[in-house]
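Observations on the model geometry
Okay, here's what each chain looks like letter by letter:
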Amino acid sequence: MIWLGVLLGCAGCYLLKLAGLSLPASWLEKPRLQRISTVMPVALLAALIGVQTFAAGQRVVFDARLVGLAVAGVAVWRRWPFLVVVGLAAASTAAVRWVAR
Amino acid sequence: MSISDDTPWPASRRAVLRDALGIGAATGAYGISFGAISTAAGLSFLQTMALSLLMFTGGSQFALVGVIAGGGSPLAGAATAVMLGSRNALYGLRLAPLLQTRGRRRFAAAQLVIDESTAMAIGPDDRRTARYAFYATGLSVLGLWNLGTAVGALGAKALQDPSVLGLDAAAAAAFLALLGPRLRGREPWAVAVVAALVAVVAVPLVPPGVPVLVAALVAVAAAYRPVRR
């Protein structure tokens, strides 16, 4: 089942890339298309952050991940490199779990 | 990067290549975290590598494994990944006049349409440099992203319990790092806050994975809202 999602996702993402190179240039002038493809990543990334931080299955919980997110927020705001952001978030979450265990 | 019109071609080509390799190295490091997070989410080594090789668009890959990690169905993960990848279609539209690909070449070039290669290709003024920047960046990122993914996946496999290292929180941090540069101005902030709220509120109401799809409606609503100027 994971393979099905992986392969369908890959096919869909590739077809979108190919469509961009193949569609007539006039599509660039469709303002709604431009708006959706600019706004969509913002909405999806924000939603993923919310779910990854607060969801445990179908429950909303507040746990150590929240600390990791806050630390990541500071790191992104300070424009630290990607790996530093991810590393600090993981390390601070792990530290909170270790202390609270 | 500073390439003016009168820079000789070998010099500008070297400058572009240097930047392309630098970007590749940075995304390669980022690939390590993808490999680790994907394996921690329960994907096999081969599934993780298939994503980096075939999907090859970082945000979408993180989205798919994020949904699966949260207990969502792989199909909901695929839908999220594809919607997040919709921006690549817009990049392709911008790149098409620069690359002017035909036939088989277009099928290969399409796979290299990502954030980094697009940013590098729409920078230079002349088409030759733009095209070179696109392929150099695309191939450098493809190679090093996959190398990083393999390193991260094998490294995380060696761990007993990834949550001890806080790897489950790393995915949200990765999304935040991708989102940060897009939050310029009031509108993206509003969209982000509303979308995150909608998704979290939806968590108890719909199956795992679906809250993110519900939040996509926020983007559609925002796109159809009349723009104030």
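Within every chain, residues take consecutive numbers counted from 1 along the sequence as written. Here chains are named by letter from A upward and ligands by number from 1 upward, in the order in which they appear as written. Per-residue local features are limited, in this predicted model, to residues with pLDDT of at least 70; the limit for side-chain atom pairs, both in listing and counting, is 80 or more; totals at the level of whole chains, interfaces and linings are taken over all residues. In computing side-chain values, all of the structure's heavy atoms are included and hydrogens and water are not.

Judged by nonpolar contacts, the single largest core of 84 residues is most densely connected at B:Leu51, B:Phe62, B:Leu64, B:Phe134 and B:Leu179. Contact definition: two residues touch when any of their heavy atoms are within 4.5 Å. The contact partners of B:Phe134, leaving out residues within four places of it in the chain, are B:Leu95, B:Leu99, B:Ala109, B:Leu112, B:Val113, B:Ser117 and B:Ala121. We define the nonpolar core as a collection of buried residues of types Ala, Val, Leu, Ile, Met, Phe, Trp, Tyr and Cys that are connected through side-chain atoms lying within 4.5 Å of one another. Burial classes follow relative accessibility: with a 1.4 Å probe on protein chains only, a residue under 20% of its type's maximum area counts as buried, one over 50% as exposed, and anything between as partly exposed.

Once that is clear, we can look at the layout of surface pockets. Here a cavity is any set of points on a 1 Å grid over the protein atoms alone where a 1.4 Å probe fits but cannot get out, and a pocket is any open set with protein on both sides within 12 Å along at least 5 of 7 lines; a residue lines the site when it has an atom within 4 Å of a point. Grid points are joined across faces, edges and corners, and a volume is the space filled by probe spheres set on the points. In this structure, the second largest pocket occupies an estimated 390 Å³ of space. A:Gln52, B:Gly66, B:Ala69, B:Gly70 and B:Asp168 are, among the 27 residues lining the second largest pocket, the residues nearest its centre. In this text, helices come from DSSP runs of H or I with a minimum length of four residues, and strands from runs of E with a minimum of two, each type numbered from the N-terminal end. Elements that contribute at least two residues to the lining of the second largest pocket include exactly α2 (31-54) and β1 (55-56) of chain A together with α1 (9-40), α3 (58-69), α9 (167-179) and α11 (210-224) of chain B. Lys, Arg, Asp and Glu make up the charged group, whereas Ala, Val, Leu, Ile, Met, Phe, Trp, Tyr, Cys and Pro make up the nonpolar group; the residues left over, Gly among them, are polar. Of the residues that constitute the lining of the second largest pocket, the class distribution is 17 nonpolar, eight polar and two charged.

Moving on, we come to the interface of chain A and chain B. On the chain B side, the residues contacting the 64 residues of chain A number 94 residues. Here chain A meets chain B over a buried area of about 6,700 Å², counting both sides, of which 78% is carbon and sulfur. Salt bridge, as applied in this entry: a Lys or Arg side-chain nitrogen positioned within 4 Å of an Asp or Glu carboxyl oxygen. Connecting chain A to chain B are one salt bridge. By the criterion applied in these results, polar contacts are pairs of N or O atoms within 3.5 Å in which, for protein atoms, one can donate a hydrogen and the other can accept it, and in which residues neighboring in sequence qualify only through two side-chain atoms. At the boundary of chain A and chain B, one finds 10 residue pairs in polar contact (both at pLDDT 80 or more). If you list the elements that add at least two residues to the side of chain A that touches chain B, you get α1 (2-22), α2, β2 (59-60), α3 (65-77) and α4 (82-100) of chain A. Computed with a 1.4 Å rolling probe, the buried area is the accessible surface lost when two parts are put together, summed over both parts.

What follows covers the confidence of the model for chain B. Taken residue by residue, chain B gives an average pLDDT of 88. The fraction at 70 or more is 93%. Confidence metrics for the complex model read pTM 0.82 and ipTM 0.88. Scored between 0 and 100, pLDDT is the confidence that the predictor attaches to each residue.

A few words on the packing of aromatic side chains. Only the six-membered ring of Trp is used, alongside the rings of Phe and Tyr, when aromatic pairs are assigned; centres must lie within 6.5 Å, and planes under 30 degrees apart are stacked while those over 60 apart are edge-to-face, with the rest tilted. What the rule picks out here adds up to nine aromatic pairs over all chains. Judged by centre distance (5.1 Å) and plane angle (70 degrees), the rings of B:Tyr30 and B:Trp145 are edge-to-face. Placement of B:Tyr30 in helix α1 and of B:Trp145 in helix α8 (residues 127-157) is noted, with a sequence separation of 115 residues between them. Judged by its relative accessible area of 9%, B:Tyr30 falls in the buried class. Residue classification places B:Trp145 among the buried residues on the basis of a relative accessible area of 3%. One aromatic cluster in this structure is built from A:Phe82, B:Tyr30, B:Phe34, B:Phe62, B:Trp145 and B:Phe175. Positioned above the aromatic ring of B:Tyr135, the side-chain terminus of B:Arg105 is 4.9 Å from the ring centre. Geometrically, a charge over a ring is one whose NZ (Lys) or CZ (Arg) sits within 6 Å of the ring centre while staying within 35 degrees of the ring normal.

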